[in-house]
Amino acid sequence: MSERIMTEPTEPTEPTGPTGPTEPTGPTGPAGLAGKAAELDAADPLAACRELFTLDAGTVYLDGNSLGALPSHVPARMQEVITREWGALRIRSWEESGWWTAPERIGDRIAPIVGAGPGTVVVGDSTSVNVFKALVAAVRTAVADRDEILVDAATFPTDGYIAESAARMTSRRLVPYTPGDPIGPRTAAVLINHVDYRTGRLHDLPGLTAAAHAAGARTVWDLCHSAGALPVGLAAHGVDFAVGCTYKYLNGGPGSPAFLYVRPGLQSSFDSPLPGWNSHADPFGMTPEYHPATGAPRGRVGTPDILSMLALESALDVWDGVSIKDVRAKSLVLTDFFLECVRHLPVEPVTPAPHAERGSQVSLRCDNAGAVMKELISRGVVGDFRQPDVLRFGFTPLYVGFGDALRAARILGEALG
Ligand SMILES: *Cc1c(COP(=O)(O)O)cnc(C)c1O
């Protein structure tokens, strides 16, 4: 790391070095961009986090918003879980290895990342299942004569399907909602994706939560594309319910269990539509009557998927000493830089330019996007394609650098040309 660059980060440097003297120079020419990438990488306080992940030098991995990369220490931990906790201790591990309390314990590790207090987050089941629990519970705690559920009109499909079923079960009408539209007196609950999975648009969680509350409605936020990517502030903004993925920006592994947040003031009235035995106040009492547990465990259902859950717990170690504010700061500079690098290419940014409206991905529209993404992947730039014409590039600040962004943009230029 160069001290000169560290202490003078805003000083423009002459484009020299890696790209050679025959490249056009100037601040936005390829040589200028290479110099800028090197400077930004050298000044990046999160640069060392990359070493914590298993990544190969030949690939630029920009799909962490779909499946986060593997933290390198997880396999050894899983070896121990399988051979010692399962293999040797067997059933004793429910107690001795802390398996039984893992959903709440791991919830407490995720809580600070999304701005929630201890005892408010529980881990388990998929995001889809947690959307169901949260939305039905939101309607059950809403004012009784409110007969509408609003759902983000551009929602990730599973939320929409589940909301339709939840509306049918609770005899409410499902109404598509564009975040920012007025919320009326008939609304029981509003389900919104914090960051749009397709466009990368970030919605105004504080403002929309306040607007829903002013209209007397409950809020359910889906944090799949914001948890681990930016500060969420669940407690500070008074969000009622939230759910989120752990296999995207939290790197928990394929299908790792999701999380559910219930605001402290609603925990005692939280009426789960899936009251399994794991959420019972006395699960081993094995009584025919159901008495819900207090606190976060009330969001549990059945026996937790311990292997996935413990892989997630281990993966969360990469957050030790990391500030989500630093993650956000880098994410914005990184996505700005990538947008600058693709500025002259025949692509149309779909992701909003204002920082207040941008998550941690860049979506670009272009002709033949599906074929372009296949070509990119074959050349070691891994993003993904979403119907009908969107290239998605996820920027996970813990392991993606500015040199990666530049390389991805250059290869995109070649694939398009
Ligand atoms: C990824 C994602 C999901 C995934 O739900 P699963 O139940 O884990 O398959 C749900 N909602 C949103 C907004 C997502 O981005």
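Residues numbered from 1 in each chain as written. Predicted model: local features only at pLDDT ≥ 70, side-chain atom pairs only at ≥ 80, totals over all residues. Heavy atoms only, no water.

A. Spotlight on the overall build of the chain. Across its full length, the chain carries 12 helices and 13 strands. Computed over C-alpha atoms, the radius of gyration of the chain comes to 23 Å, within 12% of the 22 Å expected from 2.2 N^0.38 for 417 residues, which places it in the range of a compact globule. Oriented by its inertia axes, the alpha-carbon framework of the chain measures out at about 80 × 55 × 40 Å. Here the chain holds 417 residues, and 53% of them are scored as buried. (Helix = DSSP H or I, 4+ residues; strand = E, 2+ residues; numbered from the N terminus. Rg over C-alpha atoms; globule rule 2.2 N^0.38 Å. Buried < 20%, exposed > 50% of the residue type's maximum accessible area, 1.4 Å probe, protein only.)

B. Quick look at helix α9 (residues 306–315). Among the 10 residues in α9, eight count as buried, and that is most of the element. Listed in full, the buried residues belonging to α9 are I306, M309, L310, A311, L312, E313, S314 and A315. In this fold, the buried residues of α9 make contact with α3 (74–88), α4 (93–96), α5 (102–110) and β2 (121–123). (Contact = heavy atoms within 4.5 Å.)

C. Structural detail: the side chain of N130. Here N130 shows up in helix α6 (residues 127–141). Accessibility expressed as a relative area gives 1% for N130, which makes it buried.

D. Inspection of the sheet that holds strand β8 (residues 259–262) at higher detail. The mixed open sheet is built from seven strands, whose spatial order is β2-β8-β7-β6-β5-β3-β4. In the strand order of this sheet, the two ends are held by β2 and β4 (173–177), each with one partner. Sheet twist, expressed as the mean angle between neighbouring strand axes with direction ignored, is 20°. Sheet topology places strand β6 (residues 218–222) next to strand β7 (residues 241–244); three bridges connect them, and they run parallel. Along β7, the bridge assignment pairs W221 with A242. Most of the contacts of helix α7 (residues 157–169) go to β4, to which it runs at about 150°, and overall it touches β3 (148–152), β4, β5 (187–193) and β6. (Pairing = 2+ DSSP bridges. Axes fitted to C-alpha atoms, helices over the stretch in contact; angles between N-to-C directions.)

E. Broad picture of the confidence of the model for the chain. In the predicted model, the chain carries a mean pLDDT of 93, and 93% of its residues have values of at least 70. Across residues 1–24, confidence stays below pLDDT 50; counting only partners more than four residues off in sequence or on other chains, it has 23 contacts. (pLDDT = per-residue confidence, 0-100.)

F. View of the site of the ligand. Taken together, 13 residues surround the ligand, and among them S128, D222, H225, Y247 and K248 come closest. Between Y247 and the ligand, the recorded distance is 2.7 Å, taken from a side-chain N or O atom to an oxygen atom. For the ligand, whose accessible area on its own is 390 Å², the fraction buried by protein is 86%. Contributions of two or more residues to the shell around the ligand are made by α6 and α7. (Near = heavy atom within 4 Å. Polar contact = N/O pair within 3.5 Å; in protein donor to acceptor, adjacent residues only side chain to side chain. Areas by Shrake-Rupley, 256 points an atom, 1.4 Å probe, with all protein chains shown as cover.)

G. Quick look at the packing of α6 against α7. For the pair α6 and α7, the least separation of the axes is 9 Å and the interaxial angle reads 35°. Considering the relative orientation of α6 and α7, their crossing is right-handed. Where α6 abuts α7, its residues S128, V131, F132, L135 and V136 lie against T158, D159, I162, A163, A166 and M169. Class assignment for the residues of the contact of α6 with α7 results in eight nonpolar, two polar and one charged. (Left-handed = near helix turned anticlockwise from the far one by under 90°. Nonpolar A, V, L, I, M, F, W, Y, C, P; charged D, E, K, R; others polar.)

H. Summary view of the packing of aromatic side chains. Going through the model one piece at a time under the given rule, you end up with 12 aromatic pairs. Between the aromatic rings of W100 and W277, the centroid separation amounts to 5.6 Å while the plane-to-plane angle is 55°, which identifies the pairing as tilted. Taken together, the positions of W100 in the loop between α4 and α5 and W277 in the loop between β8 and α9 put the pair 177 residues apart, joining distant regions of the chain. An aromatic cluster is present here, built from W94, W99, W100, W277 and F284 joined pairwise through their rings. Between K248 and the ring centre of F156, over which it is positioned, the NZ or CZ distance is 5.4 Å. Over the face of the ring belonging to W100 we find R300, whose NZ or CZ atom lies 4.7 Å from the ring centre. (Phe/Tyr/Trp six-rings, centres within 6.5 Å; stacked < 30°, edge-to-face > 60°. Lys NZ or Arg CZ within 6 Å of the ring centre and 35° of its normal.)

I. Structural context of the sheet that holds strand β10 (residues 361–365). Across the sheet, four strands lie side by side as β9-β10-β13-β12; this open sheet has antiparallel pairing. The strands lining the two open edges of the sheet, one partner per strand, are β9 (348–349) and β12 (384–386). Pairing of β9 with β10, which is carried by two bridges, proceeds in the antiparallel orientation. When the sheet's bridge partners are listed, P349 is paired in β10 with L364. The strands that helix α11 (residues 369–378) touches are β12 and β13 (390–394); relative to β13, the one it contacts most, it runs at about 40°.

J. Structural detail: the nonpolar core. In this structure, L223, W319, F338, L364 and F393 are the most contacted members of the largest nonpolar core, which totals 84 residues. When residues are assigned to domains, this core turns out to be shared by domain 1 (5–72 + 322–416) and domain 2 (101–303), each giving three or more. If we ignore the near neighbours within four places in the chain, the residues touching F393 are L62, F338, S360, Q361, V362, L364, M373, L376, V381, G383 and L412. Core analysis: the second largest hydrophobic core is formed by 25 residues, A134, A138, V151 and F241 among them. (Core = buried A, V, L, I, M, F, W, Y, C linked by side-chain atoms within 4.5 Å. Domains from an automatic or database assignment.)

K. Structural detail: the packing of α5 against α9. In contact at an axis separation of 10 Å, α5 and α9 are set at 30° when each is read in the N-to-C sense. In terms of their interaxial angle, α5 and α9 are classed as roughly parallel. For the crossing formed where α5 meets α9, the hand is left-handed. Here A102, P103, R105, I106, R109 and I110 of α5 come into contact with α9, specifically with M309, L310, L312 and E313. When the residues that make up the contact of α5 with α9 are grouped by side-chain class, the tally is seven nonpolar, no polar and three charged. (Parallel < 35°, antiparallel > 145°, perpendicular 65-115°, else oblique.)

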